[in-house]
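Coordinates in review
If you want the building blocks of each chain, they are given just below.
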Amino acid sequence: MLRYFVSKLLISVVLLLGVLTLAFFMLRMTGDPVALMMSRDASPEEMEAFRELMGFNRPVSVQFLDFLSKAAVGNFGNSLHYGMPALPLVMERLPATVQLAVIGLLMAILIGVPLGLTGGLNPGSPLDSLGRFWGLLGQSVPSFWLALLLILVFAVRLRWFPSFGADQAKSVVLPAFVLSLAVSSQILRMTRSTVLEVRGEDFVRTARSKGLNQATIYLKHILRNVAIPLVSVIGVQFGYMLGGSIYIETIFAWPGMGQLLSQAIGWRDFPLVQALAIFTSVVVLALNLATDLAYALLDPRIRYGK
Amino acid sequence: MAVILEVKDLVTKFYTLDGVVNAVNGVSFTLDEGETLAVVGESGSGKSVSMMSVMGLISSPPGKVEGGEALFYTSQGARDLLKLSPNEMNEVRGGQIGFVFQDPQTSLNPILKVGEQISESLMKHLGINARDARLRTLELLAEVGISDPELRYDAYPFQMSGGMRQRVMIAIAVACTPRIVIADEPTTALDVTIQAQIVNLFKQLRAKMGVATIWITHDLGLVAGLADRVLVMYGGKIMEAAPVDLLYDNPCHPYTIGLLGALPRLDIHEAKRLVSIDGAPPDATIPINHCPFAWRCTHAFEHCWNENPALTNVEEAHQVACFHVFEKGG
Amino acid sequence: MASKTFSPKADNRLEVKTTFKDRLAFLARLLWRDKGGTIGLIMFFIVVFAAVFAPVITARDPLDQDLINSKMPPAWEEDGSWEQPFGTDSLGRDMFSRILYGARVSLTVGFFGVLIAATLGLVIGAIAGYFGGRVDSLIMGPINLILAMPYLLFVVFIAAILGRSLLNVILIFGITDSPIFARVARGEVLRIRESAYVESAISAGARSGRVIFDHIIPNLIGPLITLATFEMSAMIFYEAGLGFLGLSVPPDVPSWGNMLAEGRKYLVNDHWLTTFPGLAIMFTSMGMNLAGDWLRDVLDPRLRRSRK
């Protein structure tokens, strides 16, 4: 298992390097990063000064090495808008996004797993149909639209929840719910299909041939085998939530990384955008690594395997 | 010898999207105490499905046992296994009738320790606690020929070889000293050398426990040294039923003759071509009321196409379902 | 009566040539069995119909501003009129026609985006899967890298850099989505290549080209079509999302995403500016997801076998 973990770690490091490279070159995609970051009516002298300041006049390879070496110590330059180092600005937004994602994930699990289990154990039943409909909705409803509708109904008309901000404890409910919708649908589908698959496995038939009662077969044989891939799915979905909350945070004015991203885009503050992209990727990569580790611990074939 | 299991007119169908599959079309046989009955047939003959129907292991959609009886004779008299409630059936399965499946790779739960998978059966049927179950499991592991039972108890299936896994399956099947063990092609997925070991193990256990065995196989060669009686199945029906010696000395049904002809024999010294039976098994979704073997039978004649032959005695203890045998002198 | 002699080779499997009519009948049977798929396909065709025949369905120009009648509610509410069944937006443009024309943007993005992604992905993935070994690792390395990254983030990043245009959106989606197709294509090619019957074909002397065309490509079409349906639905989503952030097509072009961005400003009082575009997206997406689910079941190799 140590070998498994080390190999996953190495892959993560390679991925990280890839992310850094990609982020570096994306800024230079249009050819001139200065034109990207300055306003349209900047004078050539201003642009030249900016270019010198940011070091864009150096050869690309030099810039790249400089970028990497600075990135290694967490220096992603200064935000153009704030005039301060970009990374700390990003990191201070992390807790809010994590909070939103955690609550959203809990909601998604509470909705998706039970429905998926009943659907898989009793396919064709009314609850299964409900579950599958929910699964369809979750995939088909745009999150930003739902957010707006929910604000209209629950915040403005009914006044049950605040329509923006993170000031009160219940501020988290609406945004977390919207975030959880798509994820719960994925979790539901995965749970359901895994249960269906496991149920048809030979070892379940063996369990029945031993005369074990239904509850034992469900809990000990079926569900345990379902739980393992499910943990993996949940981990991946959590990663999506962390990296994909831009719409919801923007609409609900939730002070997380997503909101900062849309603001930074509006300001054309590309150093900040770049820092956000890289940092979010790091977080997601770390999460994937943790998920892989959890999976390895749970599945004896990997834990004790070669 | 007392009869321990009596199956009458078993019918099992599968309702699939492609049609209704008539897997078992009226199967009747008896099993005596301590007897080893071999059930021989090709894929699709209904041999596995019949036995799984008796055990109630058919997945209920899409399968359905539609007719017949499976009388299990115990000290409390005869009980029709097909009519038992789920709870009652759960008592019988594992406790009175054990099952050994074909593929040990997939038939064991991959994330449970091997010993636990045996112990859980003991705890359920014998009502003992975990510690006693563990001790008994260790004994069982030793009995099936697994070395270092203490160590192997905590092993996971993937850590074992195919032969060892099958031994574990056998341990599971015999754990509660059942009266019958049904083995569904237990050696098909194993190497030839391991096959011999498993067959020997079976013989040992059989001698020791006096358990009645139903051995399902497609390999007639295996049957010779193992079985007391043989059933030959085709198209969901029994074509021939005889004690093993009679079957080999005097095979009557054209299908049986074909199977035996296809068998390489060491004891026949003249060079003979292996005879294969032309054709393929019939499409089981089309219901027929004639002999299912008629298409492939070199002796088929008019009567074979008009009526389904019933099992009839051709000599003592030897039955055949074939018009040719009785009307055309076999 | 003479006894009939039967050739032992004859059995009850009738050899039938499956005619086109048979295949159609089979398809109809499948559709009837799974009504969800039928509904999905109908929904999809409604959207396509709306997009193609928009000028016929509504006489109103989606770009036609009528400031006097701006922010009119839908026909069934007070102050509404059936001239503008879905109401008008802040510049007086007819919502109904904007929705219909918006379908054009969404479907164009979805269709061409998937076309590019599928073609790119298919080629890359097939090469990786067919040749295996180092070629495989070399190709799949960057592919897996892209797949591991937070997708939305980078799409937004790139869109912000490139600027607003339909072409940019199509290219972005086409290129960033191709890894998914590549991975599926590679998986399928690997699976087929290692299957027994391809091995036997190759050992019987079939040339690579032959193997590819006769065996590999037919088996690839099914999963790719299914994937294409889902990805097209996803692209319509993402286009709307980008539009919402002001990163999709230029603001004057009627796209559902742009409409949502605008609608947000007037959410409280003029909800229909938000409701209808969202419903349109939901309708399209649902239809495609239902159709995709049905396609996945139909094109399952298990069912494919029984068709032959």
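The structure under discussion appears in the preceding block.
Just so you know, these numbers come straight off a predicted model, no measurement behind them.

Observations regarding the overall build of chain A
In terms of helices and strands, chain A carries 15 helices and zero strands. The principal-axis extents of the C-alpha atoms in chain A amount to approximately 85 × 60 × 30 Å. Counted over contacts in chain A with a minimum sequence separation of 6, partners at least 24 positions apart contribute 72%.

As for the overall build of chain B
Looking only at helices and strands, one finds 13 helices and 12 strands in chain B. In summary, chain B has a C-alpha radius of gyration of 21 Å against a globular reference of 20 Å for 330 residues, a match within 12%. Within chain B, the fraction of its 330 residues that count as buried is 45%. Nonlocal contacts in chain B, meaning residues at least 24 apart in sequence, comprise 64% of its contacts between residues at least 6 apart.

Considerations on the interface of chain C and chain A
The accessible area lost on association of the parts is a frequent measure of interface size. Contacts between chain C and chain A engage 31 residues on the former and 31 residues on the latter. Of all the secondary structure elements, the ones that give two or more residues to the side of chain C that touches chain A are α5 (133-148), α6 (151-162), α9 (208-244), α10 (256-265) and α11 (272-298) of chain C. In terms of residue count, α6(C) provides more of the side of chain C that touches chain A than any other element does, nine residues in total. Of the residues in the side of chain C that touches chain A, the class split is 24 nonpolar, six polar and one charged.

Thoughts on the sheet that holds strand β4 (residues 63-74) of chain B
All names here are of chain B. Ordered in space as β2-β1-β4-β5, the four strands form an open sheet in which the pairing is antiparallel. Both edges of this open sheet fall to β2 (19-32) and β5 (77-80), since each of them pairs with a single strand only. Neighbour-to-neighbour, the strand axes of the sheet open up by a mean angle of 10 degrees, direction not taken into account.

Some remarks on the pairing of strand β9 (residues 229-234) of chain B
Residues and elements named next belong to chain B. Of all the six residues making up β9, six are buried; the element is thus mostly covered by neighbouring parts of the structure. Both faces of β9 are covered, namely the face carrying Arg 229, Leu 231 and Met 233 and the face carrying Val 230, Val 232 and Tyr 234. Across four bridges, the pairing between strand β3 (residues 36-40) and β9 is parallel. When the bridges of β9 are listed, Ala 38 appears paired with Val 230. The pairing of β9 with strand β10 (residues 237-243) spans six bridges and is classified as antiparallel. Bridging across to β10, Val 230 finds its partner in Ala 242.

Quick word on the interface of chain A and chain B
Every contact between the two is made by 19 residues of chain A and, on the other side, 25 residues of chain B. Elements supplying a minimum of two residues to the side of chain A that touches chain B: α10 (202-209), α11 (214-243) and α15 (300-303) of chain A. Considering every element that reaches the side of chain A that touches chain B, the biggest residue donor is α10(A), with six residues. Partitioning the side of chain A that touches chain B into residue classes produces four nonpolar, seven polar and eight charged.

Notes on helix α9 (residues 173-199) of chain A
Where α9(A) bends most, the angle comes to about 40 degrees, and this point is A:Leu181. The buried fraction of α9(A) is high, at 21 of 27 residues.

What about the nonpolar core?
As a rule of thumb, nonpolar side chains are buried together in soluble globular proteins. Judged by nonpolar contacts, the single largest core of 154 residues is most densely connected at A:Ala147, A:Val273, A:Leu276, C:Val156 and C:Phe181. Leave out the neighbours within four places in its chain, and A:Leu276 touches A:Val90, A:Met257, A:Leu260, A:Leu261 and A:Ala264. Judged by nonpolar contacts, the second largest core, of 87 residues, contains B:Leu37, B:Ala38, B:Ile238 and B:Phe323.

Some remarks on the sheet that holds β10(B)
Residues and elements named next belong to chain B. Strands sit in the order β6-β7-β8-β3-β9-β10-β12-β11 across an open sheet of eight strands; the sheet is mixed. On the outer flanks of this sheet lie β6 (97-100) and β11 (312-315), each paired with one strand and no other. Pairwise comparison of adjacent strand axes, ignoring direction, gives a mean angle of 20 degrees for this sheet. Of the strand pairs in this sheet, β11 and strand β12 (residues 318-320) are connected by three bridges, and their pairing is antiparallel. When the bridges of β12 are listed, Glu 315 appears paired with His 318.

Topic: the packing of α9(A) against α11(A)
Residues and elements named next belong to chain A. Where α9 contacts α11, the two axes come as close as 9 Å, and the packing angle between them is 155 degrees. As summarised for this structure, α9 and α11 are arranged roughly antiparallel, according to the angle between their axes. α9 and α11 meet at a crossing whose hand is right-handed. In this structure, α9 contributes Leu 179, Val 183, Gln 186, Ile 187, Met 190, Thr 191, Thr 194, Val 195, Val 198 and Arg 199 to the contact, and α11 contributes Ile 222, Asn 225, Val 226, Pro 229, Leu 230, Val 233, Ile 234, Gln 237, Tyr 240 and Met 241.

Notes on the packing of α10(C) against α11(C)
Pairs of packed helices are described in terms of their axes, by the angle between the two and the distance that separates them. Residues and elements named next belong to chain C. Running from N to C, α10 and α11 cross one another at 150 degrees; their axes reach a closest spacing of 8 Å. Here α10 lies roughly antiparallel to α11, going by the angle between them. For α10 against α11, the interelement crossing comes out left-handed. Counted together, Trp 256, Met 259, Leu 260, Glu 262, Gly 263 and Arg 264 of α10 and Leu 273, Thr 274, Pro 277, Gly 278, Ala 280 and Ile 281 of α11 form the full contact between these two elements.

Reading guide: rules and limits
Residues numbered from 1 in each chain as written. Chains lettered and ligands numbered in written order. Predicted model: local features only at pLDDT ≥ 70, side-chain atom pairs only at ≥ 80, totals over all residues. Helix = DSSP H or I, 4+ residues; strand = E, 2+ residues; numbered from the N terminus. Contact = placed C-beta atoms within 7 Å. Rg over C-alpha atoms; globule rule 2.2 N^0.38 Å. Buried ≥ 20, exposed ≤ 12 C-beta atoms within 10 Å, placed from the backbone. Nonpolar A, V, L, I, M, F, W, Y, C, P; charged D, E, K, R; others polar. Pairing = 2+ DSSP bridges. Axes fitted to C-alpha atoms, helices over the stretch in contact; angles between N-to-C directions. Bend = angle between axes of the 7 residues up to and from the residue. Core = buried A, V, L, I, M, F, W, Y, C linked by C-beta atoms within 7 Å. Parallel < 35°, antiparallel > 145°, perpendicular 65-115°, else oblique. Left-handed = near helix turned anticlockwise from the far one by under 90°.

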